[in-house]
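If you want the building blocks of each chain, they are given just below.
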Amino acid sequence: GTVNSVKIEPLVKNKGLVFCGPFPYGDGFLLTSEQAEEMINEDLRNQEVIHPFVIGNDINSHPLHRTSRYVIAFEERTEAESQQYKAPFAHVLHHVRPFRMAKTPPKRDLRMVTQWWKFFHPRLELIEAMKTRETVCARSVHSKHHAVAVIPASVIVGHGVTVFLGDTLFMF
């Protein structure tokens, strides 16, 4: 892009280190802590697709950056594979599918309706990279201060969070 006639180039050195969080597109992916606990207690395998969901407000407002919401994330599982997680799939079927099917996306965004059980913008490279770490650095994009938090890599962050995959705070 350009700003004030100056061409802005991405820093090659940061490739694979800085990411925006995934964009589920549909509040039906979200669960309260009680709903998440109930689904996990019903079948322990459900914890493979139910994760704490950290948004920018959690980073800005909670001293330990904790969240009270969870998210169902089937990643790139097929519909048949996702159906194996009965309660999470039923929840998404009931709460996400109607919302998504009411949309008429342009061709480039057909995933929204053809793969309605998946995040719209999954940020798979970020999700896979976080699986190899214990913690990551993150910041809310909705903050006038550059406040970086160290959060567990076992969470899924919202699209309003920037994640830094360098050697924690040493990259700052």
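Since the model is a prediction, treat every value here as computed from it, not as a measurement. (Residues numbered from 1 in each chain as written. Predicted model: local features only at pLDDT ≥ 70, side-chain atom pairs only at ≥ 80, totals over all residues. Heavy atoms only, no water.)

Undergrad: Which residues make up the overall build of the protein, and what values do they have?
TA: Looking only at helices and strands, the protein has 7 helices and 10 strands in total. Over its C-alpha atoms the protein spans a radius of gyration of 17 Å, differing by no more than 12% from the 16 Å that the globule rule assigns to 172 residues. C-alpha atoms of the protein, sized along the principal axes, occupy 50 × 40 × 25 Å. Residues counted as buried form 40% of the 172 residues belonging to the protein. Partitioning the intrachain contacts of the protein with sequence separation of at least 6 by distance along the chain shows that 61% fall at a separation of at least 24. Treating the 20 positive side-chain charges of the protein as one cloud and the 18 negative ones as another, the clouds have centres 9 Å apart. (Helix = DSSP H or I, 4+ residues; strand = E, 2+ residues; numbered from the N terminus. Rg over C-alpha atoms; globule rule 2.2 N^0.38 Å. Buried < 20%, exposed > 50% of the residue type's maximum accessible area, 1.4 Å probe, protein only. Contact = heavy atoms within 4.5 Å. Lys, Arg positive; Asp, Glu negative; His and termini not counted. Charge placed at Lys NZ, Arg CZ, Asp CG, Glu CD.)

Undergrad: I'd like a description of unusual backbone geometry, backed by residues and values.
TA: In this structure, Y25 is a non-glycine residue whose phi angle is positive, near 65°. In this fold, Y25 is placed in the loop between β3 (18–20) and β4 (30–32). Even without being glycine, E75 reaches a positive phi, approximately 50°. For E75, the position within the fold is in the loop between β6 (69–72) and α3 (79–82).

Undergrad: So what about the sheet that holds β3? Which residues, and what values?
TA: One open sheet holds the 4 strands; their spatial order is β3-β10-β7-β8, and the pairing between them is antiparallel. The two strands at the open ends of the sheet, each matched to only one other strand, are β3 and β8 (149–152). The sheet shows a mean angle of 35° between the axes of neighbouring strands, taken without regard to direction. Alignment of strand β7 (residues 135–140) against strand β10 (residues 161–164), held across 4 bridges, turns out to be antiparallel. Each bridged residue has a counterpart across the sheet, and for A138 the counterpart in β10 is V163. (Pairing = 2+ DSSP bridges. Axes fitted to C-alpha atoms, helices over the stretch in contact; angles between N-to-C directions.)

Undergrad: Can you tell me about the pattern of salt bridges, naming the residues and giving the values?
TA: Taken as a whole and judged by the stated rule, the model has 7 salt bridges. Across the pair K131 and E75 runs a salt bridge whose closest N-O atoms are separated by 2.9 Å. Pair noted here: K131 is in the loop between α7 (124–130) and β7 and E75 is in the loop between β6 and α3, with a separation of 56 residues, a long-range link. Linking E76 and K118 is a salt bridge whose minimum nitrogen-to-oxygen distance equals 3.4 Å. Of the two residues, E76 is situated in the loop between β6 and α3 and K118 in the loop between α6 (111–114) and α7; the sequence distance between them amounts to 42 residues. On the basis of relative accessibility, which here comes to 35%, the residue E76 falls in the partly exposed class. Counted as one network, the salt bridges with shared partners bring together E75, E128 and K131. (Salt bridge = Lys/Arg side-chain N within 4 Å of Asp/Glu carboxyl O.)

Undergrad: I'd love a proper account of the sheet that holds strand β9 (residues 156–157), names of residues and values included.
TA: The sheet built from 4 strands is open, its strands ordered β4-β6-β5-β9 with mixed pairing. What marks the edges here is a single partner per strand, and that holds for β4 and β9. Bridge count for strand β5 (residues 50–54) against β9 is 2 bridges, and the pairing is parallel. For F53, the partnering residue across the bridge sits in β9 and is I156. Docked against the sheet, helix α1 (residues 33–42) engages β4, β5 and β6, running at close to 90° with respect to β4. Together, β4, β5 and β6 form the strand contacts of helix α4 (residues 86–95), whose direction differs from that of β6 by roughly 90°.

Undergrad: Could you give an account of the nonpolar core, naming the residues involved and the relevant values?
TA: Counting 22 residues, the largest nonpolar core has I50, F74, V92 and I156 as its most contacted members. Beyond its immediate chain neighbours, meaning those up to four positions away, I50 contacts L31, A36, M39, I40, Y70, V71, I72 and P88. Listed in part, the 16 residues of the second largest apolar core include F19, I59, V136 and A153. (Core = buried A, V, L, I, M, F, W, Y, C linked by side-chain atoms within 4.5 Å.)

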